[in-house]
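So the chains spell out like this:
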Amino acid sequence: VLAVQSRFAQERGDAPAGLLYAAIRAGRQGVAENPDDAGAYLTLGLAYGALVGTTAERGWAAQFPQLMRLRQLQASAAFNRAVALNPRLARAHLELFHLYTSLNLLD
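Structure report, in brief.

Quick notes on the rules
- Residues numbered from 1 in each chain as written.
- Predicted model: local features only at pLDDT ≥ 70, side-chain atom pairs only at ≥ 80, totals over all residues.
- Heavy atoms only, no water.
- Axes fitted to C-alpha atoms, helices over the stretch in contact; angles between N-to-C directions.
- Helix = DSSP H or I, 4+ residues; strand = E, 2+ residues; numbered from the N terminus.
- Parallel < 35°, antiparallel > 145°, perpendicular 65-115°, else oblique.
- Left-handed = near helix turned anticlockwise from the far one by under 90°.
- Contact = heavy atoms within 4.5 Å.
- Nonpolar A, V, L, I, M, F, W, Y, C, P; charged D, E, K, R; others polar.
- Expected span 1.5 Å × (residues − 1).
- Buried < 20%, exposed > 50% of the residue type's maximum accessible area, 1.4 Å probe, protein only.
- Polar contact = N/O pair within 3.5 Å; in protein donor to acceptor, adjacent residues only side chain to side chain.
- Patch = residues over 30% accessible without salt bridge, like charges linked within 9 Å, V, L, I, M, F, W, Y side chains within 5 Å.
- Areas by Shrake-Rupley, 256 points an atom, 1.4 Å probe, with all protein chains shown as cover.
- Salt bridge = Lys/Arg side-chain N within 4 Å of Asp/Glu carboxyl O.

1. Here's the deal with the packing of helix 5 (residues 65-85) against helix 6 (residues 90-102)
Okay, so step 1: Here helix 5 crosses helix 6 at 150°, and the two axes come no closer than 9 Å. Taken together, helix 5 and helix 6 sit at an angle that is classed as roughly antiparallel. Read as a crossing pair, helix 5 and helix 6 show a hand that is left-handed. Between helix 5, through Gln72, Ala75, Ser76, Phe79, Asn80, Ala82 and Val83, and helix 6, the contact on the second element is made entirely by Ala92, His93, Glu95, Leu96, Leu99 and Tyr100.
Okay, so step 2: Counted by class, the contact of helix 5 with helix 6 contains 8 nonpolar, 4 polar and 1 charged residues.

2. Describing helix 3 (residues 38-54)
An α-helix turns once every 3.6 residues. As a result, residues three or four positions apart point the same way.
Okay, so step 1: Its 17 residues place the ends of helix 3 24 Å apart at the C-alpha level, agreeing with the 24 Å of an ideal helix rising 1.5 Å per residue.
Okay, so step 2: Looking only at helix 3, the buried set comprises Ala38, Ala40, Tyr41, Leu42, Leu44, Gly45, Ala47, Tyr48, Leu51 and Val52.
Okay, so step 3: Where the residues of helix 3 are buried, they touch helix 2 (17-33), helix 4 (57-63), helix 5 and helix 6.
Okay, so step 4: In this structure Asp37 caps helix 3, since a side-chain oxygen of it lies 3.1 Å from the backbone nitrogen of Gly39.

3. Description of a nonpolar patch on the surface
Okay, so step 1: On the surface, a nonpolar cluster with roughly 350 Å² of combined accessible area is contributed by Tyr21, Trp60 and Phe64.
Okay, so step 2: Take Tyr21: its relative accessible area is 38%, and that puts it in the partly exposed class.

In structure tokens form, the structure reads like this:
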């Protein structure tokens, strides 16, 4: 029973995807209005990472590894842009560290 319950929770996700899609939309609007806003890029990266980590996409990514790779690339691009715009943005550096260590990219 616990295995089935765990699988169900894994496939269903912990958070509704709509909230994260709204965060992605807000981040994209922020970038469109001010392309030099590092905070908007940070928001985008966090939302892309959470989308595959806490929603039903977590279950889909197990079946479609390309989805996981896409979200990782989107998050990486957003975090790298945030760091390029504001090198003192510690949260973006930290998120890049976590992302790259999860990918075994230690250099």
